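Chain residues, written in single-letter form:
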Amino acid sequence: TDDIRSQLKALDLGERREFRGLSRDQRRKVHLLAGELGMLSQSFTSAGSAGKKARNVVVTNPPSQALLQPRSTVESDIQKFTDDLGEEANAIQKTLQESGWQVASVAGVFVLGSLASPLLLSNVGGAELLLPLATGTVGLATAWQETAGKSAVAVAKRQTAFLLTKEARAETFLGRGHLAYAAFPTDVAIATLATIATGLSSVLNLTQLWKSLVMLMVIPAYTACSVAMQRRRKVERFVAASMRCVDAAPIPPPKRFWKQRWWMIPAALAVSFPCDLYGRATIACAAFAAEIAIAMAESSMQLANATGSVARAGCVVATADAWSQLAQFSTRALPYRTALAVVSTLIATALVEYSLPVCALFPALGAAVFARSFDVNRQSQKASQQLAEDVRDMQVLRKVEPWPLLRQVSDFSVEPSRLPLLQTTGRKGTGIGVLSPRNLFQRAKRGLGRLTLWEDTSPAEAYKPAASDQAVKSVQSDLNEIRSLTRYTRRGWFRTFSIVGVLSLACVLQPWLVFSASEVVLPVAGALLTIFVAASESDARRAAAASKVRAADLKSVTSTMEEFLASGMQFRSFLLAFAGVTAASCVVSLVPIKPWYLTSRTEWVEVAQNCWSFGLVAFHCAAAAASALPFQAVRMWTSKVQSEMPSSRSDIKLPPLRPGVVSEGPLPKGSRWRDLWSKSRWSLMLPLLAALPGVLLGFFPSSRPFEHRAVASTAGSSFVVAGMLFLAERALFRVELLIASR
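Model, not experiment: these values are computed from the prediction. (Residues numbered from 1 in each chain as written. Predicted model: local features only at pLDDT ≥ 70, side-chain atom pairs only at ≥ 80, totals over all residues. Heavy atoms only, no water.)

(A) Molecular detail of the overall build of the chain. Along the chain, the regular secondary structure elements total 25 helices and three strands. Within the chain, contacts between residues separated by at least 24 positions form 83% of all contacts whose residues are at least 6 apart in sequence. Split by element, the accessible area of the chain, about 39,600 Å² in all, is 64% carbon and sulfur. (Helix = DSSP H or I, 4+ residues; strand = E, 2+ residues; numbered from the N terminus. Contact = heavy atoms within 4.5 Å. Areas by Shrake-Rupley, 256 points an atom, 1.4 Å probe, with all protein chains shown as cover.)

Dropping the structure here:
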């Protein structure tokens, strides 16, 4: 224990240490020591020697003194009590100053009248009745402040629960949309396979039987395209339902002529093409594959818009939850003050027969407690009203953010965007260098080394628990080990128990020791114990409410990160369309390799055949160059998501894109296409470098026929577009890992 404690004390701010090979009791001891020293601890499972899994503990020393637990002493407790009294006095003075001269005058008259009542009513004899009555009246008014504050909290919680329900429904529809979208790659693969099979049948010397069987591949391509069109409409319905749940207007998809049954027209036109039957089948399958790719890209755009809308609604929900917790944070201080007011009434009633001057102080004390309770109730009411104003529309964000005020009130000075991440998520890098020959060779070598094609699956691997069961066991292990959130300090608890025990023992022995004063001492001692219990409960519940404010702040930062992710996903849809269309049309370049059957009768068919090949080469080179811009846009938006996000949304120079802005209207300044061109020299050179493979393969080697060079050129350009899509998906994947790690 001393060794672990010394190792933890040696950690600098922001430094962390990992403990391996510990037993369950030892890991629990590390968690307890880390919590006692005010550090953050986490348990996780990692692969050990011989493939065995082991539980490790990582302890991080937070980079701020705000999370450190100061060592408390008797002097520090007295100093803290004195500071709290000074803060309460300042707060009461501020409340009276803000309330106006009328309220201050009434409070002054009430206090002076209570203090002077023993002198003014000494002859009449009404002070014994007036002072307890005045103190009780103030106590009832203080209790009413607690009731009003709890009513405001209930209203705020109801509104927050309603928003959370809407967000949950939106995420449900969005998840169903993702499930419907998940089968699109399968449809694209089926149509592409049919296109390749029919294209090769027109070039290879196959038997008539095999060629007839290949011709039947048009049927699965047509079926896949038909199912994809139905799936696209299903995705649109789910996306529209998800966006309506979060008060976002569904973005209508572009109306194209092939949306209903017109998507069969390109395939029907392939029948009239001047080539052989196998070439016509190839063009028809390519048309089906291209249409599926375009439908997939449109569905991806719709899902990106819905993701952005739900993420923006998440920011609003986080703000509403923070206001609700702030109202609860304020209200949690009222029970303690209500107990203090009630106890003051009881003590005033007990002392009225012994000392009127001392009893006259309790109405003044009750008035001070009432003034502070009134101020706390007003804060709770303001937070509830602010919540109602902020959540009128789940897509409208306030220009003036509440987070600085909430962090100040909840006494949390560390920005949640700068909290340390206990685990890193892989290596960084999504640049074009990932596709370098050396990197590809190394990755292929590692992939071949992990292949289990020639190895039998072991029984432990075949009958291992499901991923869900492993996740549940991991969470249970964490719950059994982690104790750092309780901030457990044995010295503080023992000192508190000692004080309470001595006070209770004195109350029990007091009737036998000081019998004459037992009628006063016992109520006072019981009142002090009651106030101590109420204050402890109030502090604990306020700390819980403050931690929920911090959790809402973290959710707001995460929702902003998801908005940036959705902005990148909108541009990713262009790459999906480019990749699908170029992959399908690349196979069509095989059709002009053999002379078309009308060549012997019509001279212009040979010219058209060459123009067909040249048009495919030009189209693929242009598509490769154009794919560089969406890739740069994806990288730009994913680079905005960092481990340390700005503490306020207003500090972000380029805010996330509004859902639908890419498909509907002009882009905002900073994310326009021409802005991407003007970023750097690399931005200007990347489209030219992307088009260069297709251009070079179209001219070299010059000894081969132009039809063969056209096939190589289109294949090279298609590979470039696929590489751009791979890099964009890699960047989005890194961002999703970073968001998940938070």
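The discussion continues.
(B) Quick peek at the nonpolar core. By size, the foremost hydrophobic cluster in this structure holds 98 residues, and its most contacted members are Phe-184, Ile-292 and Phe-571. Considering each element in turn, this core owes the most residues, 24 residues, to helix α10 (residues 277-331). Here Ile-292 is in contact with Phe-184, Asp-187, Val-188, Ala-191, Ala-224, Cys-225 and Ala-228, once residues within four sequence places are set aside. (Core = buried A, V, L, I, M, F, W, Y, C linked by side-chain atoms within 4.5 Å. Buried < 20%, exposed > 50% of the residue type's maximum accessible area, 1.4 Å probe, protein only.)

(C) Quick look at the environment of Ala-295. Within the fold, Ala-295 resides in helix α10. Residue Ala-295 is classed as buried on the basis of its relative accessible area, which comes to 0%. Between the C-alpha atom of Ala-295 and that of Ala-228, which follows or precedes it by 67 residues, the distance is 7.3 Å.

(D) Structural context of a nonpolar patch on the surface. Nonpolar side chains collect at one region of the surface, where Ile-196, Leu-200, Leu-204, Leu-206, Leu-209, Trp-210, Leu-213, Leu-216 and Ile-219 lie side by side and expose about 860 Å² of accessible area between them. At the level of elements, α6 (184-201) and α7 (208-215) are the ones that each hand at least two residues to the nonpolar patch. With three residues, α7 is the single largest residue contributor to the nonpolar patch. Judged by relative accessible area, Leu-204 falls into the partly exposed class, the value being 42%. (Patch = residues over 30% accessible without salt bridge, like charges linked within 9 Å, V, L, I, M, F, W, Y side chains within 5 Å. Salt bridge = Lys/Arg side-chain N within 4 Å of Asp/Glu carboxyl O.)

(E) Up close: unusual backbone geometry. Cis geometry marks the peptide bond from Phe-700 to Pro-701; its omega dihedral reads -10°. Backbone geometry at Asp-247 places phi at a positive 65°, although glycine is not the residue there. By secondary structure assignment, the location of Asp-247 is in the loop between α8 (218-245) and α9 (265-269). On the basis of relative accessibility, which here comes to 31%, the residue Asp-247 falls in the partly exposed class.

(F) Local environment of the packing of helix α20 (residues 604-626) against helix α21 (residues 628-639). The N-to-C vectors of α20 and α21 enclose an angle of 15°; their axes lie 4 Å apart at closest approach. One way to sum up the angle between α20 and α21 is to call them roughly parallel. Residues Ala-624, Ala-625 and Ala-626 of α20 form the contact with α21, whose participating residues are Ala-628, Leu-629 and Pro-630. In terms of residue class, the contact of α20 with α21 is built from six nonpolar, no polar and no charged. (Axes fitted to C-alpha atoms, helices over the stretch in contact; angles between N-to-C directions. Parallel < 35°, antiparallel > 145°, perpendicular 65-115°, else oblique. Nonpolar A, V, L, I, M, F, W, Y, C, P; charged D, E, K, R; others polar.)

(G) Layout of the confidence of the model for the chain. In this model, the chain carries a mean pLDDT of 76, and residues with pLDDT of at least 70 account for 70%. Here helix α16 (residues 459-462) is the element of the chain with the lowest mean pLDDT, 52, and α8 is the one with the highest, 91. Taken as a whole, residues 412-430 scores under 50 in pLDDT and shows 58 contacts with residues more than four places along the chain or in a different chain. Under a pLDDT of 50 for its full length, residues 482-491 has, in the predicted model, 20 contacts with residues more than four places off or in other chains. (pLDDT = per-residue confidence, 0-100.)

(H) Focus on the pattern of salt bridges. Within this structure, the stated rule accounts for nine salt bridges. One salt bridge connects Arg-232 with Glu-236, and the closest N-O pair in it is separated by 3.0 Å. In this pair, Arg-232 and Glu-236 are both assigned in helix α8, four residues apart and thus about one turn of the helix distant. In this structure Glu-236 comes out as buried when scored by relative accessible area, which is 18%. Ionic pairing is found between Arg-378 and Asp-375, a salt bridge with its closest N-O pair at 3.0 Å. Note that Arg-378 and Asp-375 are positioned in helix α13 (residues 361-390) at a spacing of three residues, about one turn of the helix.

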